[in-house]
Amino acid sequence: MASKAIFFSLFIVSTVCLSSLASFAAADADDSDIFQIQGSVYCDTCRVQFVTRLSKFLEGAKVKLECRSRTNGTLTLTKEAVTDKSGSYKMEVTGDHEEEVCELVLVQSPDSGCSDVSKDDYLRNAAKISLTANDGIVSHETRIVNPLGFMVKTPSADCPAAFKELGIVPDVTF
């Protein structure tokens, strides 16, 4: 009789544990379908497409998230954001986009003197981003995007000194 009571108790405890685990798994699956995207936009004063000490972060710049089907390239999602006074933006995206190629692109600069964007495919200023929980990234909630930069028409005269400090010689004539 005692063994039946122990067996019944173990059965009840096991059932409670399994149902708790199932609810946690369901909650985690739902949570992984919401992504917080964070990034920044700067003015590239040296036209080198990376942040230097001379770069200025832009308030009021517009960026757009574009996701396209991997199979036929059709646009499946677009969403825009505007940078705050620190040049940062945030946006929330719902849904798993594992079968899509997603990237953030520059849309509009608030500074007419710093509004150039490279038109060359190999220099395209866009940041790819993974929007799926099935990618091995530990944080399923937040995705940090590389900074995106608009360029000035003519590089600053201070750029050669900034590059010398970094120990690099860019392929740009000043």
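Residues numbered from 1 in each chain as written. Predicted model: local features only at pLDDT ≥ 70, side-chain atom pairs only at ≥ 80, totals over all residues. Heavy atoms only, no water.

- As named in an unreviewed UniProt entry, the protein is Pollen-specific protein-like At4g18596, taken from Raphanus sativus.
- Listed under Sequence similarities (unreviewed entry) in UniProt, the entry text for the protein is "Belongs to the Ole e I family." (UniProt positions renumbered as here; feature names shortened; annotations may be inferred.)

**Regarding the sheet that holds strand β4 (residues 75–82)**
The strands making up a sheet associate through backbone hydrogen bonding, with each pair oriented either parallel or antiparallel.
Piece 1. Taken together, the four strands give an open sheet; going across it, the order is β4-β3-β6-β8, and neighbouring strands pair in antiparallel fashion. The open sheet is flanked by β4 and β8 (126–129), the only strands paired with a single partner. Within the sheet, the average angular offset between the axes of one strand and its neighbour, ignoring direction, is 20°. (Pairing = 2+ DSSP bridges. Helix = DSSP H or I, 4+ residues; strand = E, 2+ residues; numbered from the N terminus. Axes fitted to C-alpha atoms, helices over the stretch in contact; angles between N-to-C directions.)

**Digging into unusual backbone geometry**
Peptide bonds are, in most cases, trans, and in most cases residues other than glycine have a negative phi.
Piece 1. A positive phi angle, close to 55°, is found at R47, a residue other than glycine.
Piece 2. The residue R47 is located in the loop between β1 (34–44) and β2 (56–57) in this model.

**Description of a nonpolar patch on the surface**
Piece 1. Taken together, the side chains of F50, L166 and I168 make up a nonpolar region of the molecular surface, amounting to roughly 250 Å² of accessible area.
Piece 2. As for its placement among the helices and strands, I168 is situated in the segment after α2 (159–166). (Patch = residues over 30% accessible without salt bridge, like charges linked within 9 Å, V, L, I, M, F, W, Y side chains within 5 Å. Areas by Shrake-Rupley, 256 points an atom, 1.4 Å probe, with all protein chains shown as cover. Salt bridge = Lys/Arg side-chain N within 4 Å of Asp/Glu carboxyl O.)

**Observations regarding the state of the cysteines**
Piece 1. Applying the stated criterion across every chain yields a total of three disulfides.
Piece 2. Bridging C46 to C159, the disulfide has an S-S length of 2.0 Å. Because the sign of the S-S torsion sets the handedness, a value of about -95° for the bond joining C46 and C159 places this disulfide among the left-handed ones. A residue pair is termed long-range when its members are at least 10 positions apart, and C46 in the loop between β1 and β2 and C159 in helix α2 qualify at 113 residues. For the pair formed by C46 and C159, the shared burial category is buried.
Piece 3. Here C67 engages in a disulfide with C102; their sulfurs sit 2.1 Å apart. (Disulfide = S-S within 2.5 Å. Buried < 20%, exposed > 50% of the residue type's maximum accessible area, 1.4 Å probe, protein only.)

**Side note on the side chain of D44**
Piece 1. In this fold, D44 is placed in strand β1.
Piece 2. Buried D44, no salt bridge; nearest opposite-charge side chain is R47, N-O distance 7.2 Å.
Piece 3. Engagement of the side chain of D44 in a polar contact is seen with the backbone nitrogen of C46, the distance being 3.2 Å. (Lys, Arg positive; Asp, Glu negative; His and termini not counted. Polar contact = N/O pair within 3.5 Å; in protein donor to acceptor, adjacent residues only side chain to side chain.)

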